Amino acid sequence: MTSFTPQFVPAARLKAWLHDGAEIAVFDVREHGQYGEAHLFYGVTLPYSRLELDIVRLAPRRDARVVVYDTDATVAVQAAQRLAELGYTGVYVLEGGTDAWRQAGYTLFAGVNVPSKTFGELVEMAYHTPRVTARELAAMRARGDNVVILDGRPVNEYLKMTIPSSICCPNGELGYRIRELVPDATTPIVVNCAGRTRSIIGAQTLINLGIPNPVMALENGTQGWYLEDLPLEHGSTRRYPDTVAPSSAAQMREASRALAERFAVPEVDAATFAQWAADPTRTLFLCDVRTPEEFAAGTLPGAQHTPGGQLIQATDQYVGVRHARVVLFDNDGVRAPVVASWLRQLGHDAYVLRDGLSSGASLPVRSPGVSATLPEIDAAALDAALADGSVAVVDLRPSMNFRREHVPGAHWAIRPRVSAPAVSSVLNAARHVVLVADERGVAELFVADWRRAHMEDTRTFSLLAGGIKAWMAAGYPVVGSADVPPDAECIDYLFFVHDRHDGNKAAARQYLAWETGLLAQLDDEERGAFRVGESVASK
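The name given to the protein in an unreviewed UniProt entry is Sulfurtransferase, and the organism recorded there is Pandoraea pnomenusa.

Put into structure tokens, the structure is as follows:
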């Protein structure tokens, strides 16, 4: 094995890099729960357990400036080596990790999607977005007022819980479909989400588009509703219509065009896009902002699916390189300009692709750097092996999924702790190990790290074909474990974000206090990177 010497960058230099205007990707390679407890403002979550699976999507240019970090620069060094093996040439490790960042006097942030959440608070402050409290909305409904409640979250979140009588219309679809949902110009419209950001952005989107209806954001969303002891609906299926009348589309296209002019949203044609795609000095993202169904039916080569509302709400899940070019497209001329107007205010170099889906633009399709090497074992063969005691089962799925159900006798593990004593004892005790994973790549990466640490090891690994779903579909039993793994080992799970939806009012209050408190944590440079309400010139 070739030796690897990481390049370290001290905290003060990284802080300067973050604001020098050049492209930079800063990845927190701890697991998601660890990341959510304390991370850099611009730190993008890229768990080491998924590093090679997601890096090419988040940072496609392999000579981009990339900084990885963890708490104390241990896992980060391993991550830097893996990236170097993939051909990334400008990788640095934050010297001393988040410990050193804090010691240098810089702020660490809790939570997820922090720049986008902060942006929502700035938008409300700058635009004075109208809002309605849960009690006020409940009174409107009790009186029988003619009000339309639109839930701006994706369908899968809406199904979990929503305000009674609300209609699911993800924020990225609001501008395109609003006249199908609210045909008249006088009915009040309330936009809600689970908390604050998408309520604010959704309501302000309609206002910015010039909708004449009274438009309000539901203050604190479903959490605010629940904290007032008002009932939520679960499993609701009301949603936006699939088709938009030509007259409605034309009306909203004109509104979107005016919005794009107001915020100086630039267009890029296919020829210029091709030149950008060939530019080795800049990173380029191609983003399809339409619905999942539309994306699945056909998109442009090399595009990633970035539902418009989520691209604003969680930009760092799709765009891992600051100051990269981000080109958005649709097939209607409404959705992409609206989303781009927000991304530019967020500080991104965002453009709209002229002619959208019919432009003929493309990017190279890049595959993750993970090879398929593990043989598969089916459920029946695993059941037989368990019966004669010839196999150990290691489950690599998220910790909360393991707690809910797993193969009897299975052990939970995660890649960054492949050499932990508890995991090593299980692996060392068995000649044959069967891995259970939701994605093959996660299992491949786990085994690759074990092999690196145990070069002479000859035990066999295989993968359960079809995962836990195939095991259950075949009629084999599963068991749950409420406290295994224990909370302290669930490094992939951020409790305070998730517990707010599980009937925990204290967690809901903590989350809302966190969200409204973000602005006070910003320094001048972080706050100055936003361009809320400004017409931003192209870079």
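From this point, things continue past the structure.
A. Fine view of the UniProt feature "domain: Rhodanese" (unreviewed entry) in the protein. This chain's UniProt record puts "domain: Rhodanese" (unreviewed entry) on residues 20–110, 143–234, 288–366 and 387–480. The span residues 143–234 carries 40% helix and 15% strand; its end-to-end C-alpha distance comes to 23 Å. Here residues 387–480 is 38% helix and 17% strand, with 20 Å between the C-alpha atoms at its ends.

B. Representation of helix H3 (residues 51–58). Most of H3 is tucked away, with seven of its eight residues classed as buried. Regarding H3, the residues found buried are Leu51, Glu52, Leu53, Asp54, Ile55, Val56 and Leu58.

C. Structural detail: the nonpolar core. Formed by 109 residues in total, the largest nonpolar core has its most connected members in Leu14, Phe27, Val68 and Leu328. Excluding its chain neighbours within four sequence positions, the residues that come into contact with Val68 are Phe27, Val29, Ala76, Ala80, Leu83, Val91, Tyr92, Val93 and Leu94.

D. Spatial organisation of the pattern of salt bridges. If you walk through the whole model with that rule in mind, you get 44 salt bridges. Of the charged contacts, one joins Glu294 and Arg335 as a salt bridge, the two residues approaching to 2.8 Å between their closest N and O atoms. On the criterion of sequence distance, the pair formed by Glu294 in helix H14 (residues 292–297) and Arg335 in helix H16 (residues 335–346) is long-range, its members being 41 residues apart. Beyond isolated ion pairs, a larger network of salt bridges with shared partners links Glu23, Arg61, Asp63, Arg282, Arg344 and Asp349.

Reading guide: rules and limits
Residues numbered from 1 in each chain as written. Predicted model: local features only at pLDDT ≥ 70, side-chain atom pairs only at ≥ 80, totals over all residues. Heavy atoms only, no water. UniProt positions renumbered as here; feature names shortened; annotations may be inferred. Helix = DSSP H or I, 4+ residues; strand = E, 2+ residues; numbered from the N terminus. Buried < 20%, exposed > 50% of the residue type's maximum accessible area, 1.4 Å probe, protein only. Core = buried A, V, L, I, M, F, W, Y, C linked by side-chain atoms within 4.5 Å. Contact = heavy atoms within 4.5 Å. Salt bridge = Lys/Arg side-chain N within 4 Å of Asp/Glu carboxyl O.

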